[in-house]
Amino acid sequence: RIALLNNPGLQARLAALGVADAERVQAISLPNPHLTLGRFTNSQEREIERTLAFGLMDLITLPWRTQREAERLQIATLQAAQDVVQLAADTRRAWLRAVAAEQVAATHDRMVEAAEVGAELARRMAQVGNWSRLQQAREQAVLHEANSQRARARLAAATEREQLNRRMGLWGQQTQYQLAQQLPPLPATAIPADGIEATALRERLDVQAARRQLDTQATRQGWSRASAVFGDIGLAYSRNTATERATGSSDIKRGWEIELPLPLFDWGGAARTRAQAEVEQSAAQLQDTAVRARSEVRAAWLTYRTALDLARQQQAEVVPLRQLISDETTLRYNGMLASVWDMLAEARNSTQAVANAIEAQRDFWLAETDLQLALTGTSPGALQGLTSGAAASTTPQGH
C-alpha cells in the first residue's frame, strides 16, 4: 500500500492515464465551426461574404468515435493496471529479500561467534605449546572466512533494504522503519495446477488489453474505407451582401453548400488494406500473448511447486538432521569421545543449514509472487531461479 500511494514512478504513469482521458474527451468533442468573412470592392459595388462551415463527417461519426475512444481509454486503463500490479509484485519481492537478508545476516553473526571461540582457543593452546602454528593458522583462516561472509551478508541486507526503500518511494527519516523478524511460514497446502491456464487467460491484464485492442481494430475496419474516401465532407451556410456605390441599394444572397471529395484517384483501397493488416496484427498479438501467458503460468507453477518442496525439505529434514548431529556431537564431547573442534565445526554447519533454510523459504515466497503475477497480472519476465542449493556455501571444517 505504501508503494502504490508513494512511488513517484507509478504516480507519473497514472498521470499519463489522465492525459489519455483528456485526449479522449477532446477526440469525441465536435470541432469548432469555421467562420469566414470576406470584403470585396470594385468601382461599382462593395460585397461582404459571411460563411459558417463545419465538417459533416465529424457529426455523423460521433457515436463511433465515442465508442472507439472509450475502448482506447479502457486499454490505457488496463496498461496502467499492469503497472500497478507489477509495482506491487516488485515491492513484495523486495520486502521478502530484505527480511530474508536480515535473517541470514543474523545467522552469520552466530557463525562468527563460533569461529572467534575456536580462534581464541587455538591461540591459547599454541601459547602453551599444545598446538602447532599450522593448526592455529587454520582456525584463524576459518575466522577470517566467517568475517568475510558476515560482511557480505550485511551488505546484502543493506542493499535489499535500499531496494525496498526505492520501491516504496521513501527517503530520509522515512527509511527508519522496522522490518518483520522472519518470513511468513510455509503454507500447509500448495496451489493446485488444475485450471491455472484458464485462470490466466481469463484474468491476466495483458490478455484483456490485447483482446480489447483486437475489438477496437475490428470495429475501426468497417469505417476505414468510408472515412478515407468521404472524410472531408463539409457543410456551409453563406450570407452575402452586395451594395451598389451609386444608389446605395443592397442585395442579400443566402444559401448553403456541401463539399464532397471526388474519389477519382483514391477509392480507399489502401486504407482498407491497412485496417485489415492492423486487425491481423492485433489478432496475432492476442494469440502471442495467450501462448506466452499459458507458458509463463506453467513455468511459474513448476518453479513454485519445486521451491515449496525444497523449502519443506530444508525445514523438515535438513535442519532437524543438523540439529541431531549437533546434539550427538555434544554427547560424545561430554563422554570425551569428540573434541571441542568437532563441536565448533558442527555449530557452524548447523548455522549454515539454518541460513540455507531461510533462503529456501525466501525462494518459495518469491516463486509464489511470480505465480500470482502470472495468473492475474502480467508477464513476470524472467522467473526467479532457485538459488538456495547453488548458493549454499560449505563452511571449512575445523581440525
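Everything discussed here concerns the structure shown above.
Everything quoted here is computed from the prediction, not taken from an experiment.

## Topic: the overall build of the chain
Right, so step 1: Helix and strand counts for the chain stand at 10 helices and four strands.
Right, so step 2: Listing each helix as α and each strand as β along the chain from the N terminus yields α-α-β-β-α-α-α-α-α-β-β-α-α-α.
Right, so step 3: For the chain, the residues scored as buried account for 36% of the 399 residues in total.
Right, so step 4: By sequence separation, contacts in the chain at least 24 residues apart represent 80% of the contacts at least 6 residues apart.

## Comments concerning the packing of helix α2 (residues 8-27) against helix α4 (residues 62-127)
Right, so step 1: Closest axis-to-axis distance for the α2/α4 pair is 9 Å, and the angle between their directions is 175°. As judged from the angle between their axes, α2 and α4 are roughly antiparallel. Between α2, through L10, R13, L14, L17, A20, D21, R24 and A27, and α4, the contact on the second element is made entirely by R65, E69, A70, L73, A76, T77, A80, D83, V84 and L87.
Right, so step 2: Of the residues assigned to the contact of α2 with α4, the class counts are 11 nonpolar, one polar and six charged.

## Some remarks on α2
Right, so step 1: Its 20 residues place the ends of α2 29 Å apart at the C-alpha level, agreeing with the 28 Å of an ideal helix rising 1.5 Å per residue.
Right, so step 2: You can read the cap of α2 off the contacts: a side-chain oxygen lies 3.0 Å from the backbone nitrogen of G9, and it is on N7.

## Comments concerning helix α5 (residues 133-168)
Right, so step 1: The terminal C-alpha atoms of α5 lie 53 Å apart, and with 36 residues this matches the ideal 52 Å at 1.5 Å per residue to within 8%.
Right, so step 2: Phi turns positive, to about 70°, at G169, one or two residues after α5.

## So, a nonpolar patch on the surface
Right, so step 1: On the surface, L35, L37, L52, Y237, W256 and I258 cluster together to form a nonpolar patch covering roughly 710 Å² of accessible area.
Right, so step 2: Looking at the nonpolar patch, the elements with two or more residues in it are β1 (34-41) and β4 (250-259).
Right, so step 3: Examined against the element boundaries, W256 turns out to sit in strand β4.
Right, so step 4: On the accessibility criterion, W256 (64% relative accessible area) is exposed.

## Considerations on the pattern of salt bridges
Right, so step 1: Going through the model one piece at a time under the given rule, you end up with 22 salt bridges.
Right, so step 2: For R123, the salt bridge is made with E120, and the minimal N-O distance between the two is 2.5 Å. Of the two residues, R123 and E120 both sit in helix α4, three residues apart, roughly one turn of that helix.
Right, so step 3: You can call E120 partly exposed: its relative accessible area is 30%.

Procedures and definitions
Residues numbered from 1 in each chain as written. Predicted model: local features only at pLDDT ≥ 70, side-chain atom pairs only at ≥ 80, totals over all residues. Heavy atoms only, no water. Helix = DSSP H or I, 4+ residues; strand = E, 2+ residues; numbered from the N terminus. Buried < 20%, exposed > 50% of the residue type's maximum accessible area, 1.4 Å probe, protein only. Contact = heavy atoms within 4.5 Å. Axes fitted to C-alpha atoms, helices over the stretch in contact; angles between N-to-C directions. Parallel < 35°, antiparallel > 145°, perpendicular 65-115°, else oblique. Nonpolar A, V, L, I, M, F, W, Y, C, P; charged D, E, K, R; others polar. Expected span 1.5 Å × (residues − 1). Polar contact = N/O pair within 3.5 Å; in protein donor to acceptor, adjacent residues only side chain to side chain. Patch = residues over 30% accessible without salt bridge, like charges linked within 9 Å, V, L, I, M, F, W, Y side chains within 5 Å. Areas by Shrake-Rupley, 256 points an atom, 1.4 Å probe, with all protein chains shown as cover. Salt bridge = Lys/Arg side-chain N within 4 Å of Asp/Glu carboxyl O.

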